[in-house]
Amino acid sequence: KDWRAMGDAGPPARKLLFVCTLSLSVTYLCYSLLGGAGALPAADAWLRTPLAPGGTVTAREPGAPDDDELAGPRAANASGDRGGAASTPDYGEKRLPQAVIIGVKKGGTRALLEAIRVHPDVRAVGVEPHFFDRNYDKGLDWYRNVMPRTVDGQITMEKTPSYFVTSEAPQRIHSMAKDTKLIVVVRDPVTRAISDYTQTLSKKPDIPTFEVLAFKNRTLGLIDASWSAIRIGLYALHLQSWLRYFRLAQIHLVSGERLIVDPAGEMAKVQDFLGLARVVTEKHFFFNKTKGFPCLKKPEESGAPRCLGKSKGRTHPAIDPDVILRLRKFYKPFNMMFYQMTGQDFQWELEEGDK
C-alpha cells in the first residue's frame, strides 16, 4: 500500500521494492542493535541515545540549542522576523504553513530557507518551531501564532530539519493538512555525518574522534548505526514513514550539493514545486570563496552580499580515508534504495572528479 503513492509501477516493481526495503530494514535493525549494545563511556553517552517512539535524532547535548534551533518562547515571539523581500507586515492573518522544510540536519536547510524568503510571496518564520517533535502538546493555536502574518496569495512556511527523522511527524503533519507540501534537502550521507560531527565538536571539543564514534568495532568494520550522525543519513528508511501519509509528488527533494554549486537552478525547482513565479534567480546569489558556498544579495542594491552565520561553512576535521571508504560501503545499499524510491540519482557514489 505504501508504494502506491510512488507512481504507476506495476506489482512486480512494488514487490521488488518491498523485498529490498525489508532487507534494508533487517540490516539496519541488526546494525542498530549491535551498535547500541554494551556499555558506553559516560562522556559520549548522550551522542548515542536510542530513539524512543516519537522521538527525534539529535547529536546535541540535551538542552543545548543549535544555532538554528531556538524553539519555545523565542519561536512564539519570532513571527515578526524578516520574511520575504520586505519586513513581515502587521496586517494579514496568521495561518498554518502550507509548506514545511522537514530535513535534513546539516543538509543545507538554512541556506534554502534564507533563499526562499527572498521571494515576496513567501513568509517564513526564521527560527525552528519544533512543533511536530518537541512542542506538539502546545496545540495548533500555539503553532499558528508562531507563524508570520500573510495576505492572500502568500505562502506560509517553516523549517525544522529534525522532522524528517521524527517517527510521529508524518502523521501529525498529515493530520494538520493532508495537502501540505514537504521539502527535504539531502546531502551525501558521509559528508553530512562529518558535518554533523564538526558542529558537535565545536560545542564539545572533548568528545571522542569521529573514527571512534563511527564504529562499534573498527577492527571488524562494524558501523555504529545507533549514533545519530550515522542514522540520519539512512534516508530510504526515514522516507518510508513519510510515504505512508504523503504522495511522493508532495515531497520535493533538494540536492544539498547542487544548492551550493547551482543555487539558482535548485531554487527554480523549489519555486516551481511551490507554484511560485521564478523570482529568486542567479542575480540573487554571490559565491563566497572563503565560506565555500553562495551568499544572498538583493539585485537592486549595491551593498555587500548577506552570508550565513559563522556556524555555517566550518572546516571539517581530517578523517581517516579508510573510515570514509567503509562508510561509503555501508551507505551504498541505502542510497541505492533511496534512488529507486524517489526516481532520482544523487550520484553520491561517484568520485569527486567524475561528478
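Along each chain, residue indices are assigned from 1 in the same order as the chain's sequence is written. Per-residue local features of the predicted model are confined to residues with pLDDT of at least 70, and side-chain atom pairs are confined, for both listing and counting, to 80 or more; whole-chain, interface and lining totals are unaffected and use all residues. In computing side-chain values, all of the structure's heavy atoms are included and hydrogens and water are not.

1. Digging into the overall build of the chain
Put simply, the test is: A helix here means a DSSP run of H or I that spans at least four residues, while a strand means a run of E at least two residues long, and both kinds are numbered starting from the N terminus. Exposure categories follow from relative accessible area, calculated using a 1.4 Å probe and restricted to protein chains: below 20% of the type maximum is buried, above 50% is exposed, and the middle band is partly exposed. For this analysis, residues touch if any pair of their heavy atoms sits within 4.5 Å.
Within the chain, the regular secondary structure consists of 12 helices and 11 strands. Considering the chain as a whole, with its 355 residues, one finds that 52% of them fall into the buried category. Considering only contacts in the chain between residues 6 or more positions apart, those separated by 24 or more positions represent 75%.

2. Comments concerning the UniProt feature "binding site: 3'-phosphoadenylyl sulfate" (unreviewed entry) in the chain
The cut-off we apply is this: UniProt positions are given in the numbering used here, feature names are shortened, and annotations may be inferred rather than shown by experiment.
Mapped onto this numbering, the UniProt entry gives "binding site: 3'-phosphoadenylyl sulfate" (unreviewed entry) at Lys 106, Gly 107, Gly 108, Thr 109, Arg 110, Arg 187, Ser 195, Lys 312, Gly 313, Arg 314, Thr 315 and His 316. If you trace the backbone, Gly 107 turns up in the loop between β2 (99-103) and α3 (109-116). Not counting residues up to four positions away in its chain, the partners in contact with Gly 107 are Val 185, Arg 187 and Gly 256. On the secondary structure map, Ser 195 appears in helix α6 (residues 189-203).

3. A short note on the environment of Leu 182
The topology assignment puts Leu 182 in strand β6 (residues 181-186). In this structure, the C-alpha to C-alpha distance between Leu 182 and Ala 99, residues 83 residues apart in sequence, is 5.7 Å. Setting aside residues up to four positions removed in sequence, Leu 182 forms contacts with Val 100, Ile 102, Ile 173, Trp 242, Phe 246, Gln 250, Ile 251, His 252 and Phe 273.

4. A word on the pairing of strand β9 (residues 251-255)
Here is the rule: Pairing between strands requires that DSSP locate at least two bridges from one strand to the other.
Here β9 lies mainly inside the structure; five of its five residues are buried. Residue alternation in β9 divides its side chains into two sets, Ile 251, Leu 253 and Ser 255 and His 252 and Val 254, and both sets are buried. The pairing of β6 with β9 spans five bridges and is classified as parallel. Residue pairing in the sheet places Leu 182 in a bridge with Ile 251 of β9.

5. Quick notes on the sheet that holds β6
Let me state the cut-off plainly: Axis definition: a line fitted to C-alpha atoms, over the contacting stretch in the case of helices. Angles run 0 to 180 degrees between N-to-C directions.
Read across the sheet, five strands follow the order β3-β5-β2-β6-β9 without closing on themselves; strand pairing throughout is parallel. Strands with a single pairing partner mark the edges of an open sheet, and in this sheet they are β3 (122-124) and β9. In this sheet, neighbouring strand axes are inclined to one another by 25° on average, regardless of whether the strands run parallel or antiparallel.

6. Description of the environment of Leu 222
Within the fold, Leu 222 resides in strand β8 (residues 222-223). Taking the relative accessible area as the measure of exposure, Leu 222 reaches 18% and is therefore buried.

7. What to know about unusual backbone geometry
Residues Gly 103 and Val 104 are joined by a peptide bond in cis, for which omega reads -5°. The topology assignment puts Val 104 in the loop between β2 and α3. Even without being glycine, His 130 reaches a positive phi, approximately 55°. Relative to the assigned elements, His 130 resides in the loop between β3 and α4 (140-146). Take His 130: its relative accessible area is 0%, and that puts it in the buried class.

8. Considerations on the packing of aromatic side chains
Rules: Here a Phe, Tyr or Trp ring, Trp counted by its six-membered ring, pairs with any other such ring whose centre lies within 6.5 Å, and the pair is stacked when the planes are under 30 degrees apart, edge-to-face when over 60, and tilted otherwise. In this scheme, the term charge over a ring applies when either NZ of a lysine or CZ of an arginine sits within 6 Å of the ring centre and within 35 degrees of the ring normal.
Evaluation of the coordinates by the stated rule reveals 20 aromatic pairs. Centroid distance Phe 131 to Tyr 136: 5.2 Å. Interplanar angle 50°. Geometry classified as tilted. Using a relative accessible area of 1% as the deciding quantity, one classes Phe 131 as buried. Its relative accessible area of 31% is what places Tyr 136 among the partly exposed residues. Judged by centre distance (5.0 Å) and plane angle (15°), the rings of Phe 346 and Trp 348 are stacked. Here the aromatic cluster, defined as three or more aromatic residues joined through ring pairs, consists of Phe 131, Phe 132, Tyr 136, Trp 142, Tyr 143 and Tyr 163. One cation-aromatic arrangement involves Lys 138 over Trp 142; the distance from NZ or CZ to the ring centre is 5.6 Å. Across the ring face of Phe 273, the terminal group of Lys 181 is positioned such that the distance to the ring centre comes to 5.5 Å.

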